[in-house]
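# Results of the structural survey
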Amino acid sequence: MAAFEGSMVAIVTPFRKGKLDEKALQSLVNWQIEEGTDAIIPCGTTGESATLDYDEHYRVIELTVKTAKGRVPIIAGTGANSTDEAIEITKKAMELGADGALLVSPYYNKPTQQGIYLHYKAVAAAVKGFPLILYNVPGRTSSNILPETVARLAEIKNIVGIKEATGDMKQASEVIRLCGKNGFTVLSGDDFTTLPLYALGGKGAISVSANIVPRMQAELWDAWKAGDIEKARKLHFALEPLNKGMFIETNPIPVKTALALMGRIKEEFRLPLCQMAAGNKQKLAGMLKAAKLI
């Protein structure tokens, strides 16, 4: 079963006049790979998956796979709050050539821990041999995948890891303690906690900030893996202002605005997301200038 590790980007979905901007997406994928990104995740939260229709969702995955040409793994966002829907999308991602899938815990329904377990178990059984990564982000889903539930799920062969985005290092530590011996991979899902999670035994990060500074995020992982703790710490502190900037409004509004200011995409969102408030945009531009990104 594939093991995913390193600096991974939760890539944005660029739009132009309301439609997927295919040329911009291809350019972003190539740039990420050139800058050292280890894996690309299309159709995640940062990719505005909640506002993509099925055809758009599949096209984003297909185009990302075709553009990457096997240079890095593509882990498709395929989560849904309906188990049947999650199975359908995950099967399609597998058919389209993705190397694995990232599935957010069912949102809005607020399932019990047993319901969460049965949801992921059903998806895993429907796509045997296809690697799945759990995605725990209680701030978005209103439910938390507890460490004990993660440990149960880790026993399923094709559930290979978790994107841990609680921001709770105690919980992340417990997940690694319970699951780490089995080769189960814990990934940072919160840019503020990436280096601390590495120190606990995390094997990578699925990053928002990597959209604008892919090389820095890749170098942070490479430094840590090489045992250069001082360099990793230096990069961590250098990234902190940008990490903060990516969340001054709801993700992915700041990161898409930043990429637009950098000239890489159009500044366009899907409602109900909208353009940044003028004051916040000015603050963001100041952060990008300070980092010499614009």
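Refer to the preceding data block for the structure.
This is a predicted model, so every value here is computed, not measured.

## Topic: the packing of aromatic side chains
- Considering all chains together, one arrives at 3 aromatic pairs under this definition.
- For the pair Phe192 and Phe247, a centre-to-centre distance of 6.1 Å together with 50° between the ring planes defines the contact as tilted. With Phe192 in the loop between strand E9 (185-188) and helix H8 (194-200) and Phe247 in the loop between helix H10 (229-245) and helix H11 (253-261), the pair connects residues that are 55 residues apart, well separated along the chain.
- Measuring from centroid to centroid gives 5.0 Å for Tyr198 and Trp221, while their planes differ by 70°, and the two rings are edge-to-face. Of this pair, Tyr198 sits in helix H8 while Trp221 sits in helix H9 (residues 214-225); the two residues are 23 residues apart in sequence, bridging distant segments of the chain. Both residues of the pair, Tyr198 and Trp221, belong to the buried class.
- In this structure, Lys92 packs its charged tip against the face of Tyr58, placed 5.8 Å from the ring centre.
- In this arrangement the basic side chain of Arg152 is found over the ring face of Tyr117, its NZ or CZ atom lying 3.8 Å from the centre.

## Focus: helix H2 (residues 54-68)
- Its 15 residues give H2 an end-to-end C-alpha distance of 21 Å, which sits within 8% of 21 Å, the value for a rise of 1.5 Å per residue.
- On its buried face, H2 is in contact with strand E3 (19-20), helix H1 (22-34), strand E4 (39-41), strand E5 (75-77) and helix H3 (83-95).
- The residue sitting at the N-terminus of H2 and contributing the capping side-chain oxygen is Asp53; that oxygen lies 3.1 Å from the backbone nitrogen of Asp55.

Cut-offs used in this document
Residues numbered from 1 in each chain as written. Predicted model: local features only at pLDDT ≥ 70, side-chain atom pairs only at ≥ 80, totals over all residues. Heavy atoms only, no water. Phe/Tyr/Trp six-rings, centres within 6.5 Å; stacked < 30°, edge-to-face > 60°. Helix = DSSP H or I, 4+ residues; strand = E, 2+ residues; numbered from the N terminus. Buried < 20%, exposed > 50% of the residue type's maximum accessible area, 1.4 Å probe, protein only. Lys NZ or Arg CZ within 6 Å of the ring centre and 35° of its normal. Expected span 1.5 Å × (residues − 1). Contact = heavy atoms within 4.5 Å. Polar contact = N/O pair within 3.5 Å; in protein donor to acceptor, adjacent residues only side chain to side chain.

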